[in-house]
Amino acid sequence: MTRRDRSTLVVSVAALTIGVALLAAACGGGGNKSSASTAGATGAGGGSTEQKTFPNFRIVYDTGTDYLDPGLSYTVQGWETMWNVYLSLLGYKHVAGPDGATLVPALAQDLPDISADGKTYKLKLRTGLKYSDGKAVKASDFKYAIKRLFQIDSPGVGFFTNIAGAEQFSKTKKGDISGITANDQTGDITIKLVKPQGDFQNILATIFAAPVPTGTPPKDQSTTPIPSTGPYMIQSYKPNRQFVLARNPNFKSTDDVPATNPDKITVKIVEDDAAALQQVINGQADYDFHPIPVDRLADVQQKYGDQLKIYTPANTYYFFMNTRQAPFDKLQVRQAVNYAIDRNALVRLYGGLATPTENILPPTYPQYKKHNLYPHDLAKAKQLINQAGAKGVAVTVWTSNRDTAKKPAAYLQDVLNQIGLKAKLKVIDASIYWTTIGNQATKAQVGFADWFQDYPHPLDWFDVLLNGDRITQTHNNNYSNFNDAAVNSTIGKLKTEADLTDSVNQQWATLDNTIMKKAGWAPYVNRQFTDFFSSKINTGDCYINHVLYQFDFSRICMK
Amino acid sequence: MATETRDSTRADVSDLSLDTAAVLAEEERGPIEGRSPWYLAWRRLRRNYVALFSLFVFLLIVAACVLAPVYADRVAHTNPYTNHVTDTVKVSGKKVSVISAGGTFTDPKTGELRVKAVNILGPTWWHAGGRFVLGADENGRDNAVRLLYGGRNSLMIGVGSALICVILAVFFSLLAGYYGGTVDWIITRAYDLIWAFPVILLAIAIGAALAIGGIDWNLGLFRIKLAGESLWIPTIVISYVLVPYIGRPLRGQILSLREKEFVEAAIAQGAGSFRIMFTEILPNIASSVLVFFALIVANNILLEAALSFLGAGVQPPNPSWGTLISDGQIRILTAPWLTVVPGLAIVLTAVSLNIFGDGLRDALDPRAKVKIEH
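Residues numbered from 1 in each chain as written. Chains lettered and ligands numbered in written order. Predicted model: local features only at pLDDT ≥ 70, side-chain atom pairs only at ≥ 80, totals over all residues.

S.K.: So what exactly am I meant to see when it comes to the overall build of chain A here?
M.R.: In terms of helices and strands, chain A carries 15 helices and 23 strands. Here the C-alpha radius of gyration of chain A, 24 Å, is about what a compact globule of 559 residues would show, namely 24 Å. The C-alpha extent of chain A, read off along each of the three principal axes, is 80 × 60 × 45 Å. Residue pairs at least 24 apart in sequence account for 70% of intrachain contacts in chain A once pairs closer than 6 positions are excluded. (Helix = DSSP H or I, 4+ residues; strand = E, 2+ residues; numbered from the N terminus. Rg over C-alpha atoms; globule rule 2.2 N^0.38 Å. Contact = placed C-beta atoms within 7 Å.)

S.K.: I'm lost on the overall build of chain B in this one. Help?
M.R.: Per the secondary structure count, chain B includes 13 helices and six strands. The burial tally for chain B puts 40% of its 374 residues in the buried class. Across chain B, the fraction of contacts at a sequence separation of at least 24, relative to all contacts at a separation of at least 6, is 68%. (Buried ≥ 20, exposed ≤ 12 C-beta atoms within 10 Å, placed from the backbone.)

S.K.: In this structure, what is going on with the sheet that holds strand S17 (residues 446–452) of chain A? I would like to understand it.
M.R.: Across a sheet, paired strands are connected by hydrogen bonds in the backbone, their directions being either parallel or antiparallel. Residues and elements named next belong to chain A. Ordered by their spatial adjacency, six strands build an open sheet running S14-S18-S13-S17-S15-S16, and the pairing between neighbours is mixed. With one partner strand each, in any of the chains shown, strand S14 (354–356) and strand S16 (422–428) form the two edges of the open sheet. Averaged over neighbouring strand pairs, the angle between their axes works out to 30 degrees when direction is ignored. (Pairing = 2+ DSSP bridges. Axes fitted to C-alpha atoms, helices over the stretch in contact; angles between N-to-C directions.)

S.K.: Hey, could you run me through the nonpolar core in this one?
M.R.: General note: in soluble globular proteins, nonpolar side chains tend to be found buried as a group. Counting residues in each nonpolar core, the largest one holds 250 residues, and the members touching the most others are A:Phe319 and B:Ile246. When residues no more than four places from it in sequence are discounted, the contact partners of B:Ile246 are B:Cys165, B:Val166, B:Ala169, B:Phe292 and B:Ile296. (Core = buried A, V, L, I, M, F, W, Y, C linked by C-beta atoms within 7 Å.)

S.K.: Would you explain the interface of chain A and chain B in this entry?
M.R.: Often, the extent of an interface is quoted as the loss of accessible area upon association of its parts. At the interface, 32 residues of chain A touch 31 residues of chain B. Broken down by secondary-structure element, the contributors of at least two residues to the side of chain A that touches chain B are helix H6 (273–281), helix H7 (297–304), helix H9 (343–349), helix H11 (403–418) and S16 of chain A. With seven residues, H11(A) is the single largest residue contributor to the side of chain A that touches chain B.

S.K.: What am I meant to see in the sheet that holds strand S7 (residues 188–192) of chain A here?
M.R.: All names here are of chain A. In space, the four strands of this open sheet follow the order S4-S5-S7-S6, with antiparallel pairing throughout. The open sheet has two free edges, formed respectively by strand S4 (113–114) and strand S6 (180–183), since each of these has just one partner strand. Of the strand pairs in this sheet, S6 and S7 are connected by four bridges, and their pairing is antiparallel. Note on S7: the bridge partner recorded for Thr 181 is Thr 190. Of the strands in this sheet, S6 and S7 are in contact with helix H3 (residues 139–151), which crosses S6 at around 150 degrees.

S.K.: I would appreciate a short explanation of the pairing of strand S8 (residues 232–238) of chain A in the present structure.
M.R.: Successive residues of a regular strand alternate their side chains across the two faces of the sheet. Residues and elements named next belong to chain A. As judged from the six bridges shared by S8 and strand S9 (residues 242–247), these two strands associate in the antiparallel manner. Within the sheet, the bridge partner assigned to Tyr 237 lies in S9 and is Phe 243. In textbook terms, the turn of a hairpin is the stretch between consecutive antiparallel strands, and for S8 and S9 this stretch comprises three residues, one of which, Asn 240, has a positive phi near 65 degrees.

S.K.: What am I meant to see in helix H4 (residues 49–66) of chain B here?
M.R.: Each α-helix turn comprises 3.6 residues. Residues three or four places apart therefore point the same way. Residue and element names in this part refer to chain B. Between its terminal C-alpha atoms H4 stretches 25 Å, which fits the 26 Å expected from 18 residues at 1.5 Å a residue. Ala 51, Ser 54, Leu 55, Phe 58 and Cys 65 are the residues of H4 that are buried. Down the axis of H4, the smallest arc covering the buried residues is 100 degrees, so these residues share one side. Exposed positions of H4 whose direction lies more than 90 degrees from the buried face are Tyr 49, Phe 56, Leu 59, Leu 60 and Ala 63. Those residues of H4 hidden inside the fold are in contact with helix H3 (37–46), helix H5 (68–76), helix H6 (143–179) and helix H13 (337–364). (Expected span 1.5 Å × (residues − 1). Arc of directions from axis to C-beta.)

S.K.: Explain the pairing of strand S15 (residues 394–400) of chain A to me, please; I cannot follow it from the model alone.
M.R.: Residue and element names in this part refer to chain A. Counted residue by residue, S15 has six buried out of seven residues, so it is predominantly covered. Viewed along the sheet, the connection from S15 through H11 into S16 turns out right-handed. Relative to S17, S15 runs parallel, the two sharing two bridges. Within the sheet, the bridge partner assigned to Val 397 lies in S17 and is Val 446. (Right-handed = clockwise from strand over helix to strand, strands pointing away.)

S.K.: Mind showing me how you'd approach the packing of helix H14 (residues 485–495) of chain A against helix H15 (residues 502–517) of chain A here?
M.R.: Residues and elements named next belong to chain A. Following both chains from N to C, one finds H14 and H15 inclined at 160 degrees, their axes separated by 11 Å at the closest point. As the angle between them shows, H14 and H15 are arranged roughly antiparallel. As H14 runs across H15, the sense of the crossing is left-handed. Counted together, Val 487, Thr 490 and Leu 494 of H14 and Val 504, Gln 507, Trp 508, Leu 511, Thr 514 and Ile 515 of H15 form the full contact between these two elements. (Parallel < 35°, antiparallel > 145°, perpendicular 65-115°, else oblique. Left-handed = near helix turned anticlockwise from the far one by under 90°.)

Quick look at the structure:
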């Protein structure tokens, strides 16, 4: 942290203390609790530095989280919740704008020392850390957490296979990962990689890398929440109905992980978009995670403009096509799908809050180079289907029951029928959708998918979603099972690049184009989103929309 | 020889009482033709104008739904699945988008990012040449076409499940009522087991489970394989959960008929059990079965709508009245007809069937107290 930040901090604390004293004298207790606890660090791009606590922040989610286990969850709902519950060795600044992607130490004292060859990372755990249940956080807990990822077939295992000994461990799930050494006495953690890896610091900041108490059972702990290290702990969890986060009594804020404002966060699952919106309008909830129904958006903005925020996270919506399942094992069929879909029509399904795309990377990336390989052409699509001998082949289009998934999937089903396939729709509850299509046993042929960046690096897209070497039996993220040797090799080579130079960026852009020529996906839009708050919420200086985690629950405050 | 003629034996009517005059008038007409119970029932029914009108309404709805493909092809020029997202339609000579582009723009006065209103085509009421009479849904599909196709699915499931339910209920109740003893005990306990669960919850649980994986039963001699989105799934689920609701009252009637003399006579004559059940007892409960059938169809249509609304019945994109209500509820404030119209269709169908069923009950056996309770 800088000298300028420290002096600002002292002034802020003093001002807050005086302010609270005056307020207490005037009000005499009750009502809003403005406490004089430690203020958070300042940061660029919005977000109040003062702590403005209030009792309960009520959120309506559109669907239950896939898991509330840091080793298993891999959805926006899950990470947006657990970002403030399970801290990793590294984290990100709690500020809006591009600065939010700045890596900061979270449980570690400092950012890692990286050896000259890029293969050794050294960190030191902060002293005095405790879990929410009072147990001390140990350096070896980090190692245990990584081993646990392999034991529970986590969707995040692929991030850690470059650690020396991890591949061996992944085969037997017994023994040790030699590449991680941890000294509980000193708090030192050393991680040795097989090859240098340009995004490894970002990986250390993912929730997958969050330490958990040694001995945490190697199975889903969502219903028996793991003790937390962050500002909140999971107080209760009713799957697909509600969960509550309460303050972690053993959390100590730092400049990089500031204290939070809501004392409690109650998340209720309300599947219907219109009902959720109405609850917030009526003041029964404070924040609507749902997209606002498209035909009401303009009206909502008209009436509640200052409660509505529109933002564009880095995301891509696409249809996966399983290359292991006929007819999508044929390039012509996959290309036919790309030609058949009218991306402008799909934009309309999202009320115009989207831009059409054929790229894998979103436009916010410096590696993004727009291509136009598949102009909408139904006739060409039909021709390709005929050439592939796929006419009349039965196809199942998979989707979740969320409207934002069901509508494009229904559109795709209609289009596939128009080009000569025999398509039907399969709708799965959103809370189990990703685990279902990520299971090879499901043999999902084609369906809805989306991706929001975990961290701002092309590896988070290509390596996670399109690297054939990272295909797994369960919790698979490469839903297309796209496995091209040349592409895998290119990803492997670019992975070792420490810096994203212009030349490296160009290579990523070329890879995007290459994969799309092989029609690994059928990307269709990059979406815009809305955050909608009740009238009681301060959407000015307390509102942070984080570049990675979207709306930051922990910093919001009341008016 | 003196002969007696009719005329000469005829007394002077003015000297006779009214009753006697009536008897004599009857004698002149000749012997009274016997009427079957069915004819008498039909005569009672045809005087019940309310019941007949209700039947007419129901048949009208059925006819409209049966003609759905004709309407879709000749009038609306589409089908229930086609997405017309970027299409335009001429409504009273003016070109209108089925779904407008929406999007955002920067307010020139404030510099703020503003949202453009999204308009999804509302009812055109025949001003577009029969296209989108009830407007479009969020995928640009024709609501009127989906309403009629939805009706087909709802009616097929309602009638089909009622048929299966009645057949199963009659069969098992005949066994239970006729044999009594252990057979009766087993079947009645099975009824109790199903009855113990609230109907809707049981139907949702089974329906939701089967909607995912479908049915794939290998029964040795044959195999039953149904995909999760098959209409047979909700049909089987609904018929299964409602068997006790018909089976129990029928069993009661059969127990009573079992003790009648005609059954004893049949036994004495050496008739086999199944012959007695199906030729002696069954005709005597036929009127009840008919009434139950009419009432249960209405009930099953309502249950199907509930299941589909909750996602455990007809699976998207197949329409049914229940799924249309579910799909439309998100736009209840801006396009209420999406939920109201299929809801009205369900109400009309169920009410007309119930009224007709009541009329049928009154006609077949005015003393009968046939009703389905939950």
